[in-house]
Amino acid sequence: MPSRRFADGEVVMGRWPGSVLYYEVQVTSYDDVSHLYTVKYKDGTELALKESDIRSQSSFKQRKSQSSSSSPSRRSSSRSRSRSPGRPAKGRRRSSSQSREHKDDKKKTIQETNLALLVLVLFKLSENNTRRYNGEPDSTERNDTSCISLEQKLKPDLEIERVLEQYSLRPRKEEKKKEEIYSEKKIIETVKKIEKASSKTKELEFGGRIGAFTLIFLLPAAVFYLLLMVKQDDPSLMNFPPPLPKLESLWEARVFGVFLLWFFLQALFYLLPVGKVVEGLPLSNGRKLQYRINGFYAFILTAAAIGILLYFQFELHYLYDHFMQFAVSAAAFSMVLSIYLYFRSLKVPEEELAPGGNSGYFVYDFFTGHELNPRIGSFDLKYFCELRPGLIGWVVINLAMLLAEMKIHNQNMPSLSMILVNSFQLLYVVDALWNEEAILTTMDITHDGFGFMLAFGDLVWVPFVYSLQAFYLVGHPTAISWPAAAAITILNCIGYYIFRSANSQKNNFRRNPADPKLAYLKFIPTATGKGLLVTGWWGFVRHPNYLGDIIMALAWSLPCGFSHILPYFYVIYFICLLVHREARDEHHCKQKYGLAWERYCQRVPYRIFPYIY
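Residues numbered from 1 in each chain as written. Predicted model: local features only at pLDDT ≥ 70, side-chain atom pairs only at ≥ 80, totals over all residues. Heavy atoms only, no water.

A. Examining unusual backbone geometry more closely. Despite not being glycine, Gln313 has its phi angle at roughly 60°, a positive value. With respect to the helices and strands, the residue Gln313 is situated in the loop between helix 8 (295-311) and helix 9 (318-321). Look at Gln313 and you get exposed, because its relative accessible area is 68%. (Helix = DSSP H or I, 4+ residues; strand = E, 2+ residues; numbered from the N terminus. Buried < 20%, exposed > 50% of the residue type's maximum accessible area, 1.4 Å probe, protein only.)

B. Just the sheet that holds strand 2 (residues 22-31), in detail. Sheet architecture is open: five strands sit in the order 4-3-2-1-5, paired in antiparallel fashion. In this open sheet, the two strands that pair with only one neighbour each are strand 4 (46-49) and strand 5 (54-55). Strand direction decides the pairing type here: strand 2 and strand 3 (residues 36-41), joined by six bridges, are antiparallel. Bridge assignment links Val25 to a residue of strand 3, and that residue is Tyr41. (Pairing = 2+ DSSP bridges.)

C. Main features of the UniProt feature "transmembrane region" (unreviewed entry) in the chain. In the numbering used here, UniProt assigns the feature "transmembrane region" (unreviewed entry) to residues 210-230, 250-272, 293-312, 324-343, 454-474, 480-499, 520-541 and 561-580. Helix makes up 85% of residues 293-312 and strand 5%. Its end C-alpha atoms lie 31 Å apart. Across residues 561-580 one finds 60% helix and 0% strand; the C-alpha atoms that close the span lie 28 Å apart. (UniProt positions renumbered as here; feature names shortened; annotations may be inferred.)

D. Summary view of the packing of aromatic side chains. Taken as a whole and assessed by the stated rule, the structure comprises 42 aromatic pairs. Residues Phe562 and Tyr568 carry aromatic rings whose centres are separated by 6.0 Å and whose planes lie at 15° to one another, so their mutual orientation is stacked. Among the residues examined, Phe562 registers a relative accessible area of 68% and is labelled exposed. By relative accessible area, Tyr568 is classed as buried at 12%. An aromatic cluster of at least three residues, connected via ring pairs, comprises Phe259, Phe263, Phe264, Tyr270, Tyr291, Phe333, Phe379, Tyr383 and Phe384. One cation-aromatic arrangement involves Lys231 over Tyr320; the distance from NZ or CZ to the ring centre is 4.3 Å. One Lys or Arg, Arg375, reaches over the ring of Tyr291 and ends 5.0 Å from the middle of that ring. (Phe/Tyr/Trp six-rings, centres within 6.5 Å; stacked < 30°, edge-to-face > 60°. Lys NZ or Arg CZ within 6 Å of the ring centre and 35° of its normal.)

Structural data, given as structure tokens:
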């Protein structure tokens, strides 16, 4: 193991990350595993530096003295020079100000000489000019008595202009100004190249390009597999593979038309001038985008439209009968939308690209999303798809499954299990729409681009996989007792309380840390100016909102019983998803907050599950 070079408490020169500047720092500790020194700058900032970024103060003093002294050859040559009478005595040196004054005097003398020559030449030319216009020969033509042509009369004027151009200072100043502008342009171009290279996504998620390419096909296959398995009489995992339907049965133009009608109806509700307009978090260029918060109004209008359809006896269980075809239509639409999003992102400025989707690799950027906030005018495509078509569509699908259960099993009332599933998931959706503004602080909006991953997730995965429990109960009814229903309800309420209160603490603190209502919260300050909460839910575990999500997902699956594991796929998926997000959040926060994040992790050791993980 290599030995450390600098001791704790030693004052050294540390390089500031991302620059070539060194500042005086004090070594506070050394990590034997990562071989990093923790140093403290004079302003109190603490950073972890490599040994190659630290130098002793003596080396800097030595370099300074060497640079200030002249070279031996220069000194010897200066001794060999003979001293002029007006030169100062040996051993004395001119100061820098005297040297500049000498240069200025010399420059002034040259300019005065040029000016004298200019006056002399102009006087000579004007004299010749007068002689010529008077018909007299000049100094070079005194012996020439021939007639002077018009060309000869105009020649002195041209000579004057040539001399003016030669001795005038304006062209030289303009030329110098052009050189300065050119050099500034070169510097700006170099800075832009450096910024463009630094903005590239260097760390790839999801297994890199190969993983992203695989997921483009794996995600749709997973959705269709789950739907086909639930449709079987015995949805056991042992019955693999499920019987595949004919390809022509998976597509119907009418179903695709209904899906488009649903999508554009939600877009119309999004454009209604109702609800307040708020600003999102600052972008990399400091600009803040505006968002209209009217998701809950869109939900109310959708509920009214569904009520009108049911009043006129529209068969809503049509969704259940053509469920697979709707999933195929949504998948096809999300693929077309993803292709459009990628090609339009090729024309946007570098500052509008997503930090996590700017790798330069087509497949990876197509999957994760190349553009951060694609907009058509004021219509934000990512923000719209996050909450509207898929999330509200999830509730409509659940309602269609409830009506289908009643029709297929000739029931006057839906089963208790179906009521619980619909109620729990309706609460989740209404909460998301009621607290719509909170989504503006999530990584989906602030960090992730809008590509295939989010387009497919919002339009296909959310409505068709999240409704898996309701879809399962239509073909596999499960009876539960009232005490069991009460226990499941309490479990869901606990998960919802953790989820909502944790998110509210975080969002309110991000919006206004100085809010008097949040005075009881303690936090660790960071170099970015933001704080890391160490009290409340965020002092209990690092991601309490994920803990609430998992508890609610379990409550949604319990009404389906324990006959098959398939209804619990959502719980397993949710745990895997949140563990992946948690690992990504950990890495992102460590890079962003540095030592402050390490202090936070020491203060809050558990990530999602207290005393477990």
